[in-house]
Amino acid sequence: MDPFDLFVTSKEHGWGLGLATVRQIIIAHDGTIDYTSELGRGTAFKISLPLLRGDLEKLDPTFR
């Protein structure tokens, strides 16, 4: 069972659209999303989005 599939949920109430929607938004921005899950401990998600050169200059004006 892939948690990113449409209509997949482990909750009593819910449609299973949240993670599928999030994944599409991240992909549209050239990013990635991955997860690890451990029974009894939970699930962790890792989201990576690219920075553009202009973004780096806003964060650090000394960036060259």
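Data block above holds the structure.
Sequence order sets the numbering: in each chain, residues are counted from 1 along the sequence as written. Local features in a predicted model are, by the rule used here, given only for residues with pLDDT of at least 70; side-chain atom pairs are given and counted only at 80 or more, and totals for whole chains, interfaces and linings are based on all residues. The basis for every side-chain value is the complete set of non-hydrogen atoms in the structure, without hydrogens or water.

## Observations concerning a nonpolar patch on the surface
Each patch is built from salt-bridge-free residues with over 30% relative accessible area, joining like charges within 9 Å and nonpolar side chains (Val, Leu, Ile, Met, Phe, Trp, Tyr) within 5 Å. Per-residue and other accessible areas were derived by the Shrake-Rupley procedure at a 1.4 Å probe size, with only the shown protein chains allowed to occlude residues. Salt bridge, as used here, is a side-chain nitrogen of Lys or Arg placed within 4 Å of a carboxyl oxygen of Asp or Glu. The grouping of Leu 6, Phe 7, Trp 15 and Leu 17 at the surface amounts to a nonpolar patch, some 510 Å² of accessible area in total. Segments assigned H or I by DSSP are reported as helices when at least four residues long, segments assigned E as strands when at least two residues long, and all are numbered from the N terminus. Mapped onto the elements, Phe 7 comes out in the segment before helix 1 (18-28). Only protein chains enter the calculation, and the probe is 1.4 Å; a residue is then buried if its accessible area is under 20% of its type maximum, exposed if over 50%, and partly exposed in between. On the accessibility criterion, Phe 7 (55% relative accessible area) is exposed.

## Topic: the layout of surface pockets
In this structure, the largest pocket encloses a volume near 380 Å³. A cavity, in this analysis, means grid points on a 1 Å lattice covering only the protein atoms where a 1.4 Å probe fits yet has no way out; a pocket is instead an open set bounded by protein on both sides within 12 Å along at least five of seven lines, and a residue lines either one if it has an atom within 4 Å of a point. In terms of lining residues, the largest pocket is bounded by 19 residues, among which Pro 3, Val 8, Thr 9, Ser 10 and Leu 19 are the most central. Secondary structure elements with two or more residues in the lining of the largest pocket: helix 1, strand 1 (32-38) and strand 2 (42-48). Tallying contributions element by element places helix 1 first for the lining of the largest pocket, with three residues. Polar here means any residue other than Ala, Val, Leu, Ile, Met, Phe, Trp, Tyr, Cys and Pro, which are nonpolar, and Asp, Glu, Lys and Arg, which are charged; Gly is therefore polar. Of the residues belonging to the lining of the largest pocket, the class tally is nine nonpolar, eight polar and two charged. Grid points are joined across faces, edges and corners, and a volume is the space filled by probe spheres set on the points.

## Points about the pairing of strand 2
Only strands joined by at least two bridges in the DSSP assignment are considered to pair. In terms of strand pairing, strand 1 meets strand 2 through seven bridges, oriented antiparallel. Its bridge partner being in strand 2, Ser 37 is matched across the sheet by Thr 43. The hairpin turn running from strand 1 into strand 2, its antiparallel successor, is three residues long, and Gly 40 in that turn takes a positive phi close to 85°.

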